Amino acid sequence: MKIAINTGGGDAPGLNAAIRAATLAALKRGWEVYGIKNGYGSIYTDEPFIKMDAETVHGITMQGGTILGTANRGNPFEMPHQKEDGTWTTKDVSDRLVKTFKEYDIDALIAIGGDGSMNIASKLIKKGINIVGVPKTIDNDIYGCDVTLGFDTAIDIATEAIDRITTTAESHHRLMVVEVMGRYAGWIALYAGIASSADVVLIPEIPFSYDSIEEKIKEREANGRHYTMIVVAEGAKAQDGEVVTKGKSVGQQVQLGGIADRIADELSERTGKESRTVVLGHLQRGGSPSTYDRLISLRFGAAAIRCVQEHDYNKLVVLQDNQLKRVPITSIEGKMKSVSLDSDTVQTARDIGVCLGD
Ligand code: F6P
């Protein structure tokens with residue numbers, strides 16, 4: 001048996017642990033393991049694979065990033081391609097990927113990735129590739145999966161950062177707006193916001209009103225609290241506004257960000273208070289994974305190999321109700337997991353007086 005491992009999309013803490021577990025579990029069964037270098041884009045180069053052995057994955061459980069490398073612009077169905085006139089476009093080169101897999105006799109692919117990678121996997125399955133998916137993203141937005149690898153570390157980092165920003169907000173009597181990642185889902189903002197005792201948490205699932213935040217700030221002022229901590233998900237939007245984006249380059253997804261500045265300006269204008277913004281950005285993705293992320297990544301990686309052993313292909317290994325399960329990759333294509341407004345976490349936020357902007 002020969003397997004290939006790919007890490008696609010943005011990196012996340014725990015990727016290396018998943019690579020290590022999948023590699024060791026495969027080697028233990030006497031299989032050959034190939035890592036795809038820098039995402040599917042390398043399939044068209046002379047050396048698309050790294051041969052993996054126990055040495056390749058030695059000591060990497062605690063390392064951030066991915067030893068294989070990754071690429072946002074690695075979608076084989078929309079690969080960036082330079083035209084003769086020097087301009088860029090995208091091209092469907094998926095047949096070439098299928099051919100390379102055949103040439104190397106790859107029996108199955110372990111696709112470690114987020115929703116974008118699972119959408120690609122879904123299409124590759126239809127072209128005859130045997131795939132087992134491993135859910136990775138700090139955004140925690142993969143449908144059918146209670147938790148994705150990388151999320152726990154991201155919320156730990158965001159919580160610690162917001163804690164630190166709170167002490168300086170209080171000293172200076174300022175409004176502080178902290179923008180966290182998460183794309184179109186509010187998991188990071190909600191979890192880190194509640195854990196760090198933020199006063200206002202704004203998530204994409206609840207379009208916010210400036211009036212409601214202004215009211216919260218004024219209520220705090222009246223109670224002698226002359227600072228307010230506002231945590232905003234990058235994909236959040238005002239009730240009459242749009243998601244703020246920085247645009248997109250060829251073959252890449254839209255880059256979100258900039259909402260924190262808009263909110264700070266508007267609230268300073270309304271309240272006369274000084275404001276500052278902090279965009280946590282890639283801090284949330286870098287560095288060593290938490291203990292939870294190491295474990296869940298190792299469990300996902302090893303579980304993927306058990307799937308391959310049973311020829312139970314085209315499944316995503318997921319955690320549901322604290323149990324490892326498998327769901328068909330094609331069944332989650334085009335879907336995402338949003339924060340449920342009925343969840344007890346949202347209820348908890350309301351119960352402890354966090355303003356959700358509605
Ligand atoms: O999907 C993970 C994520 O970190 C998002 O939260 C964020 O919007 C995006 O990736 C940032 O991507 P990039 O690294 O391309 O800026």
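Residues numbered from 1 in each chain as written. Predicted model: local features only at pLDDT ≥ 70, side-chain atom pairs only at ≥ 80, totals over all residues. Heavy atoms only, no water.

Turning our eyes to something else, we now look at the overall build of the protein. Scanning the protein for helices and strands turns up nine helices and 15 strands. The C-alpha radius of gyration of the protein comes to 22 Å, within 12% of the 21 Å expected for a compact globule of 358 residues. Dimensions of the protein, computed from the C-alpha atoms along their principal axes, are close to 70 × 50 × 35 Å. For the protein, the residues scored as buried account for 54% of the 358 residues in total. Across the protein, contacts joining residues at least 24 apart in sequence account for 71% of those joining residues at least 6 apart. (Helix = DSSP H or I, 4+ residues; strand = E, 2+ residues; numbered from the N terminus. Rg over C-alpha atoms; globule rule 2.2 N^0.38 Å. Buried < 20%, exposed > 50% of the residue type's maximum accessible area, 1.4 Å probe, protein only. Contact = heavy atoms within 4.5 Å.)

Of all six residues making up strand 10 (residues 228-233), six are buried, and the element is well covered by its neighbours. By the alternation rule, side chains of strand 10 split into T228, I230 and V232 and M229, V231 and A233, which are all buried. Taken together, the six bridges between strand 8 (residues 175-180) and strand 10 define a ladder with parallel strand orientation. In the sheet register, V177 faces strand 10, and the bridge partner there is I230. As paired elements, strand 9 (residues 200-202) and strand 10 share three bridges and run parallel to each other. Directly across from V201, in strand 10, lies its bridge partner V231. (Pairing = 2+ DSSP bridges.)

Moving on: the nonpolar core. Core analysis: the biggest nonpolar cluster contains 93 residues, and I3, F101 and I110 have the highest contact counts within it. When residues of this core are assigned to their parent elements, the largest contribution, eight residues, is made by helix 4 (residues 151-172). Beyond its immediate stretch of four places on either side in the chain, I3 contacts A26, W31, E32, V33, Y34, I106, A108, I110, I305 and V308. Residues F208, A236, V244 and L267 belong to the second largest nonpolar core, which totals 19 residues. (Core = buried A, V, L, I, M, F, W, Y, C linked by side-chain atoms within 4.5 Å.)

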